[in-house]
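Here is how the chains run, residue by residue.
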Amino acid sequence: MPPSEANPVRSTAVGSGDVLPRVKVAAASAAPAAPAPARVSGERVAPIATYREEAVVDRVVVPASRRYIRRAEFLPFSPPVIGEEEVTEVVDTLRSDWLTTGPKTRCFEQEFAHYVGAQGALALNSCTAGLHTSLVALGTGAGDEVITTPMTFAATVNVIEHVGARPVLVDVEPDTLNIDPVEIERAITPRTKAIIAVHYSGHPADLDAIEAIAARHGLAVIEDAAHALPAWYRGRMIGAGENPTAFSFYATKNLTTAEGGMLTGSAEFLERARPVSLHGMTRDALRRYERGGSWRYEILSPGFKYNMTDIQAAMGRCQLRKLERFDARRREVVAAYHAAFGESDALELPVERPDVRHAWHLYVLRLRPEALRIGRDRFIDELAQRNIGTSVHFIPVHLHPYYRDRYGWTPTDFPVAYEAFERMLSLPLNPRLTGRDVDDVITAVLDVVRTYRR
Ligand SMILES: Cc1ncc(COP(=O)(O)O)c(C=O)c1O
């Protein structure tokens, strides 16, 4: 069954190849202006750029003759995509009598689980909370080793330290920069307890190979899906399986609740994880205070305070309804970048393997030093001078002072990750980009390449 049939939330989806409908800009300007925020005396009020969702629906036009013209305003790397629906829903929540984890969080969990095809979902205040909760619920602790990748944000590895276990890093595959299953197998010891696979940039890790290794050695697999919404691996959606899988709703992510996260996995795992994420309590606030609820609860373990608020859930539910449209727009931008950069011998493009569907959270270009007179840092400066914001994902974990010093790692201990880091940059990729923005990014990148070609 195609995903849109299986899943009502997806039924309004715009297919990746479809052209998004044009929406009259006049309708947006007719929207009532937001009241000016109250000013605290002495406070400098910066102008807030208001986002009109209509801006995203134009086509990405690739002009026949690409002439570089410096854009007038700075293009931020990854602004959030918040529409009037989110504003209305958040205000509605503020006006309701339920602010923290309550009916909207419960609905968001159900809708999210339904969307990815999971047995259930646990809404949390971050992906980090989801990863930490998973390790604790699986009983990982002192004396254990957890294998993961250096090509990730520190959160993935910090949580291993939080439970007192030892992070064991292994190198990544050269094309996707995802954890390399061959290297995982080599790193297993009698102390290995779990593998955390990160779906880097939104490209699913090779789950079949990783799960086969885990099954052979009796290990748990936890998926860091911070970037991987919506993503597919060999016909299954990331989050649909039984592995504990943590998503991020941080401000820059494909779906945002400002801060937030969601944990999916087997029903049995989620039952164990839920109290861990809320003080070890047997009954959350809604189940205590709603009609028919009971004030009585017990503490089963010294759990954490990781719950999502209904204010966040209100945003999340709106964003979930728009996710397919956001995804389609990301894919349009990626197609334009691929077409524009594909022929340059100075640029290495990100890949999408044939057996996956990439979530395209990030578009990570790698420079080819043999073709350029400048390195990555200067390339980023040159783009900034051309008013294009970029970023780098990631400084590999083993280069950070804490991890370098604690485990004695040197840069070339993980040569694929290190070499990729040295020549990578992430270009703007978000549904707010207009066709003009995309063209500005493309012409600026090609202008820097032309200027500094060897
Ligand atoms: C790969 C990866 N894992 C985990 C996280 C942590 O997500 P959160 O900020 O929701 O805790 C991030 C955040 O950027 C990330 O990029």
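Residues numbered from 1 in each chain as written. Predicted model: local features only at pLDDT ≥ 70, side-chain atom pairs only at ≥ 80, totals over all residues.

Participant: Quick question: what am I supposed to make of the overall build of the chain here?
Facilitator: Scanning the chain from N- to C-terminus turns up 15 helices and 13 strands. Taken over 454 residues, the chain has a buried fraction of 45%. (Helix = DSSP H or I, 4+ residues; strand = E, 2+ residues; numbered from the N terminus. Buried ≥ 20, exposed ≤ 12 C-beta atoms within 10 Å, placed from the backbone.)

Participant: Teacher, can you tell me more about the pairing of strand β8 (residues 245-248) here?
Facilitator: Each regular strand shows side chains that alternate between the opposite faces of the sheet. The side-chain alternation of β8 yields two buried faces, one formed by Thr245 and Phe247 and the other by Ala246 and Ser248. Note: strand β5 (residues 220-224) against β8, 2 bridges, orientation parallel. Within β8, the residue paired with Glu223 across the bridge is Thr245. Sheet topology note: the β8/strand β9 (residues 261-264) ladder contains 4 bridges and is antiparallel. Bridging across to β9, Thr245 finds its partner in Thr264. (Pairing = 2+ DSSP bridges.)

Participant: Quick question: what am I supposed to make of the site of the ligand here?
Facilitator: The environment of the ligand is made up of 14 residues, and the closest members are Ser126, Cys127, Thr128, Ala226 and Ser248. At the level of secondary structure, the elements contributing two or more residues to the shell around the ligand comprise α5 (127-137) and α6 (155-162). Residue classes in the shell around the ligand are distributed as 6 nonpolar, 7 polar and 1 charged. (Near = placed C-beta within 6 Å. Nonpolar A, V, L, I, M, F, W, Y, C, P; charged D, E, K, R; others polar.)

Participant: Help me understand the sheet that holds strand β2 (residues 145-148), please; the structure alone is not making it clear to me.
Facilitator: Think of a sheet as strands paired side by side through backbone hydrogen bonds, with each pair either parallel or antiparallel. Taking strand neighbours across the sheet as the criterion, the 7 strands line up as β1-β9-β8-β5-β4-β2-β3 in an open arrangement whose pairing is mixed. Each edge of the sheet is formed by a strand with only one pairing partner; in this case those strands are β1 (121-124) and β3 (166-169). Each strand of the sheet is rotated relative to its neighbour by a mean of 20°, with strand direction disregarded. Here 5 bridges tie strand β4 (residues 192-198) to β5, and the two strands are oriented parallel to one another. For Ile195, the partnering residue across the bridge sits in β5 and is Val221. (Axes fitted to C-alpha atoms, helices over the stretch in contact; angles between N-to-C directions.)

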